[in-house]
Amino acid sequence: MADSQITTLTPAEVQNVEFQDTHAQIPSPSSELSNELLKLNIEHAVVEDDPRIWSHARKTVVLLIISGASMISGLSTNIQNPANAQIEQQLHTTSADISLSLSLFILFQGNVPLIWSAISEIKGRKLVYLLSLALFTLGSAIVAVSRSIGLVIGMRIVQAAGSSAVFAIGAATLADIYEPHQRGTMMGVYYSAPLLGPSMGPIIGGALTQALDWRAVFWFLVVLGGIFTVAFLCFFKDTFRKERSVTYQNVLARRVREQLLSGAKDESRRISEKELQEYGEQQTSSKDVEAQRTVIPVSAIKEVKLSIADVNPFPPYISILRRKNNLAVLVASGLLFGFSFSIAYTCARTVAMYYDYDALKTGLVLLAYGIGCMTGSMLGGRWSDRTLARLKAANGGTSFPEMRLESTKVAMVWLPPSIIGYAWVCHERVDVSAICVMLFLSGFFSIWIYTSTLAYIVDANVGRSSTAVATNSSFRGLFAFVAAEVAVPLQDSIGDGGLYTLWAGVIVVTECLILLVLYKGRKWREASVEQEKQKLDVN
């Protein structure tokens, strides 16, 4: 879909609005438009207080808040690792129970965003941020005072549910405020914070455990959750606009039909049959339902109130998975995250067992991986945007989402060799500085690729960005859960050399999936759009 498209409004006085210039003032709908149908690109539907034209400073505040809060997701995953031995001793539990708490945390953190995303598409982003962070803070406080491993496991699941929303919906928030040609860079900046979390977690957790005890780790998370809850409450303005949400519009259309069929007596509060018929005809008249969707009449939005009872996360989830381009990229994204989780998890074990490093030193070694990820995220995001701009210019000013994936090729060449290098420097127990170098390179190139795939998932699912990112989170959680379960048995049986040589092979398959989407994805996506259009015609 092109970044720049002409939008035509039915009133004569509002015509040919050019949305390419993000600094242009876009007029708000006046009261005279209240009963008119707006036929436009849903990505650029006219809205009040358009987040796309907010000032640079205001957008930066939003970016900083969601980036900082998203660090909670990565930080809370493994901050308890240095304290595991102390937890096991004081709560009289086993390493199997500790491992279960970690695996369940990852699984729930990956899949609960499907619910948060559905709620955010009806009630907005801010409410979800506040509810999820409050849940995370409550879960952290109860873990800190727990006297049994069962309660710890249960509240770690609550923590996972609370920490998952910011990371999943954060990317959708960026889609709310930035144009497609800006998203690669901003995704890179945003994603650098949660990447730093897994590296900082062992350092902070180790320092707090050694200085105080394991409960201090979770009191630290309570304080962190409280700070960001206040930040969202006081400084964050909701970026969600229902006119630009496919999920909201679909639910609203269903409710309007129900209202028409219910035979309500008050005709003045109903949408006419003719108006609804025009809506259905105009919505499916275009060849591309993503490029031209019809927004529900403003009168319907005012008269029909949606509630959380209207939220059903599964239809949007299924609609994302039905597209072959989405499925291929989601599998690739899940494999990349599974690799990232595995290398951080097993590296900590390797340096502790064979180099006799304590929790703090282990965290410092893993910091090399975190710095590599941060650098790759920021530079990869910028390169992604530059590649998109270059290809768009070469294509006569028209772009489509798959162009962005061209930027991953440069990293694809170097990622498998970097992983193999890490595999055998660990296997041969060479100096730890070599491990740090290979960790940096593996993190740098893997996240370079991942940043572009995340931006692609947003760009290729117009009006469904939060659902698409939540689905991505679900795949991440599933693959990380599997990686966590198989990492240690494989490491014990075939060593780091064998394990990460296997991972290098898996990453080659991952790269092939991304290349497949690069060359075939547009055709698949347009075929899916046509099928969705035909389905709308039938309905």
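Everything discussed here concerns the structure shown above.
As the structure is a computational prediction, the values presented were derived from the model and not from experiment.

Caption draft 1: Quick peek at the packing of helix H4 (residues 113-123) against helix H5 (residues 125-144). At a minimum axis distance of 7 Å, the contact between H4 and H5 shows a crossing angle of 140°. In terms of orientation, H4 lies oblique with respect to H5. Only Arg-125, Leu-127, Val-128, Leu-131, Ser-132 and Leu-135 of H5 make contact with H4, whose side of the interface consists of Trp-116, Ile-119, Ser-120, Glu-121 and Lys-123.

Caption draft 2: The side chain of Asn-472, seen in detail. Its place among the elements puts Asn-472 in helix H17 (residues 465-538). Excluding its chain neighbours within four sequence positions, the residues that come into contact with Asn-472 are Leu-330, Ser-333, Tyr-450, Leu-454 and Ile-457.

Caption draft 3: Geometry of unusual backbone geometry. Positive phi outside glycine occurs at His-92, with the angle close to 55°. Relative to the assigned elements, His-92 resides in the loop between helix H2 (84-90) and helix H3 (95-111). One non-glycine residue with positive phi stands out, namely Asp-356, at about 55°. Considering the arrangement of structural elements, one finds Asp-356 in the loop between helix H13 (324-354) and helix H14 (359-394).

Caption draft 4: Molecular detail of a nonpolar patch on the surface. Taken together, the side chains of Leu-478, Val-482, Val-486, Leu-490, Ile-494 and Leu-502 make up a nonpolar region of the molecular surface, amounting to roughly 460 Å² of accessible area. As for its position among the elements, Val-486 is in helix H17. Taking relative accessible area as the criterion, Val-486 reaches 38% and is therefore assigned partly exposed.

Caption draft 5: Quick peek at the packing of H5 against helix H6 (residues 149-177). The geometry of H5 relative to H6 is characterised by a closest axis approach of 8 Å and an angle of 155° between their N-to-C directions. What the angle tells us is that H5 and H6 run roughly antiparallel. H5 and H6 meet at a crossing whose hand is left-handed. Residue composition of the contact of H5 with H6, by class: 16 nonpolar, eight polar and three charged.

Caption draft 6: Summary view of the environment of Leu-174. One can find Leu-174 in helix H6. Assessed through its relative accessible area of 1%, Leu-174 is described here as buried. Distance from Leu-174 to Val-62, taken between C-alpha atoms, is 8.5 Å for residues 112 residues apart in sequence. The residues touching Leu-174, leaving out its near neighbours within four places in the chain, are Leu-63, Ile-66, Met-186, Met-187 and Tyr-190.

Thresholds applied
Counting restarts for each chain, with residues numbered from 1 along the sequence as it is written. Two thresholds apply to this predicted model, a pLDDT of at least 70 for residue-level local features and 80 or more for giving and counting side-chain atom pairs, whereas whole-chain, interface and lining totals are computed over all residues. No hydrogens and no water enter the side-chain calculation; it runs on all heavy atoms of the structure. The convention used is that axes are lines fitted to C-alpha atoms, helices contributing only their stretch in contact, and that angles between N-to-C directions extend from 0 to 180 degrees. The helix count covers DSSP runs of H or I at least four residues long, the strand count covers runs of E at least two residues long, and both are numbered beginning at the N terminus. Each angle gets one of four labels, with under 35 degrees taken as roughly parallel, over 145 as roughly antiparallel, 65 to 115 as roughly perpendicular, and the rest as oblique. Contacts: residue pairs with any heavy atoms within 4.5 Å of one another. What makes a patch is a set of residues exposed beyond 30% relative accessible area and free of salt bridges, joined within 9 Å when like-charged and within 5 Å when nonpolar (Val, Leu, Ile, Met, Phe, Trp, Tyr). For the accessible areas, the method is Shrake-Rupley and the probe is 1.4 Å, while residue cover comes only from the protein chains on display. Salt bridges are defined by distance alone: a side-chain nitrogen of Lys or Arg within 4 Å of a carboxyl oxygen of Asp or Glu. Burial classes follow relative accessibility: with a 1.4 Å probe on protein chains only, a residue under 20% of its type's maximum area counts as buried, one over 50% as exposed, and anything between as partly exposed. Should the near helix be turned counterclockwise from the far one by less than a right angle, the crossing is left-handed, whereas a clockwise turn marks it as right-handed. The nonpolar class holds Ala, Val, Leu, Ile, Met, Phe, Trp, Tyr, Cys and Pro. Asp, Glu, Lys and Arg form the charged class, and all remaining residues, Gly among them, are polar.

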